[in-house]
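Descriptive analysis of the structure
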Amino acid sequence: IVSLENVGSKSVSTQTAPNLDKPWMLPADYSAEVKRIMNFKIDERTRDLKNNPDQFDKWLDLAYLRKTIGDYNEAKVILEYTASGWPESFLPHHNLGDLYANYLKDNAMAEKNMLKVVELDPAYIADYIFLYELYKRIYGEAGEKTGAILLRGIKANPGSIDLLMITALHYKNVNDNDNAKKYYNLAMAEAIKLK
């Protein structure tokens, strides 16, 4: 769960806010009940933002809803606005990274946004793992960036069992058994500490 505590309450964006009157179309294969719920939720978020556009969490919700119905470009516009308006938060960049990597198929923009996440919050482990998966898909397991992002994550989070285990598996997959054993042992030592 990601906290919104450190997010400023007012947008500082120099960008124009997204058009809240932009229509949407729900996928034809949605049931009548799902269409009713999605229309209600999008209407509600839109109304909330028209009344008070400085609601970071509502912008993120609206972007998520737009992505859910397949309106990826509008989700991108909303997330870029929130990234600009609340520059101290990594959440819009995390969501943009996912959107670019998995829906818009733009690896360069996915990488840019995921790297921004680890810059803004080096303790947010998920994006080191996302970057590893992205690099593995682009460059292969043995690519220079593929293992390097895991080591960067471990440097910032030396006690992360998840990162240590994925790094061990990475080294196993590139037939570097010495490093695989090293990182498995480090992961085991951390797990023992945590009992």
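Everything discussed here concerns the structure shown above.
A brief structural summary. Keep in mind that this is a model prediction, so the values were computed, not measured.

**A word on the overall build of the chain**
In terms of helices and strands, the chain carries nine helices and zero strands. The order of helices and strands in the chain, counted from the N terminus, is α-α-α-α-α-α-α-α-α. Looking at the chain as a whole, 41% of its 195 residues qualify as buried. Entry remark: accessible area of the chain is about 11000 Å², with carbon and sulfur atoms responsible for 53%. Treating the 25 positive side-chain charges of the chain as one cloud and the 27 negative ones as another, the clouds have centres 2 Å apart.

**Structural notes on the packing of helix 6 (residues 126-139) against helix 8 (residues 161-173)**
Two elements in contact, helix 6 and helix 8, have axes whose closest approach is 10 Å; the angle formed by their N-to-C orientations is 20°. Judged by the inter-axis angle, helix 6 sits roughly parallel to helix 8. Relative to helix 8, the crossing made by helix 6 is left-handed. Residues Tyr128, Ile129 and Tyr132 of helix 6 form the contact with helix 8, whose own contacting residues are Asp162, Leu163, Ile166 and His170. For the contact of helix 6 with helix 8, a count of residues per class yields five nonpolar, one polar and one charged.

**Regarding the environment of Trp59**
Within the element layout of this structure, Trp59 appears in helix 2 (residues 56-68). Considered as a pair, Trp59 and Tyr81 are 22 residues apart in the sequence and their alpha carbons are 8.8 Å apart. Those residues in contact with Trp59, other than ones at most four positions away along the chain, are Ala17, Pro18, Leu20, Leu49, Pro53, Ile78, Tyr81, Thr82 and Trp86. Looking at Trp59, its side chain comes within polar contact range of the main-chain oxygen of Pro53, at 2.7 Å.

**Here we look at the nonpolar core**
Counting residues in each nonpolar core, the largest one holds 45 residues, and the members touching the most others are Trp59, Leu62 and Ile149. When neighbours within four sequence positions are excluded, Ile149 is seen to be in contact with Leu115, Tyr128, Leu131, Tyr132 and Tyr135.

**Regarding the environment of Glu190**
By the secondary structure assignment, Glu190 is in helix 9 (residues 177-194). Glu190 gets classed as buried once you look at its relative accessible area, which sits at 16%. Considered as a pair, Glu190 and Lys10 are 180 residues apart in the sequence and their alpha carbons are 40 Å apart. Beyond its immediate sequence surroundings of up to four residues, Glu190 is in contact with Pro158, Gly159, Ile161 and Leu164. A distance of 3.1 Å separates polar atoms of two side chains, one belonging to Glu190 and the other to Lys193.

**Considering the pattern of salt bridges**
Note on pairing: side chains with opposite charge can pair once their charged atoms come close. Under the defined criterion, the tally for this structure stands at 13 salt bridges. Between Asp48 and Arg45 there is a salt bridge whose closest N-O contact spans 3.8 Å. Separated by three residues within a single helix, Asp48 and Arg45 lie in helix 1 (residues 32-51), roughly one turn from each other. Taken individually, Asp48 and Arg45 each receive the classification buried, so the pair is uniform in this respect. Of the charged contacts in the structure, one is a salt bridge between Lys116 and Glu119, with a shortest N-O distance of 3.2 Å.

Procedures and definitions
Residues numbered from 1 in each chain as written. Predicted model: local features only at pLDDT ≥ 70, side-chain atom pairs only at ≥ 80, totals over all residues. Heavy atoms only, no water. Helix = DSSP H or I, 4+ residues; strand = E, 2+ residues; numbered from the N terminus. Buried < 20%, exposed > 50% of the residue type's maximum accessible area, 1.4 Å probe, protein only. Areas by Shrake-Rupley, 256 points an atom, 1.4 Å probe, with all protein chains shown as cover. Lys, Arg positive; Asp, Glu negative; His and termini not counted. Charge placed at Lys NZ, Arg CZ, Asp CG, Glu CD. Axes fitted to C-alpha atoms, helices over the stretch in contact; angles between N-to-C directions. Parallel < 35°, antiparallel > 145°, perpendicular 65-115°, else oblique. Left-handed = near helix turned anticlockwise from the far one by under 90°. Contact = heavy atoms within 4.5 Å. Nonpolar A, V, L, I, M, F, W, Y, C, P; charged D, E, K, R; others polar. Polar contact = N/O pair within 3.5 Å; in protein donor to acceptor, adjacent residues only side chain to side chain. Core = buried A, V, L, I, M, F, W, Y, C linked by side-chain atoms within 4.5 Å. Salt bridge = Lys/Arg side-chain N within 4 Å of Asp/Glu carboxyl O.

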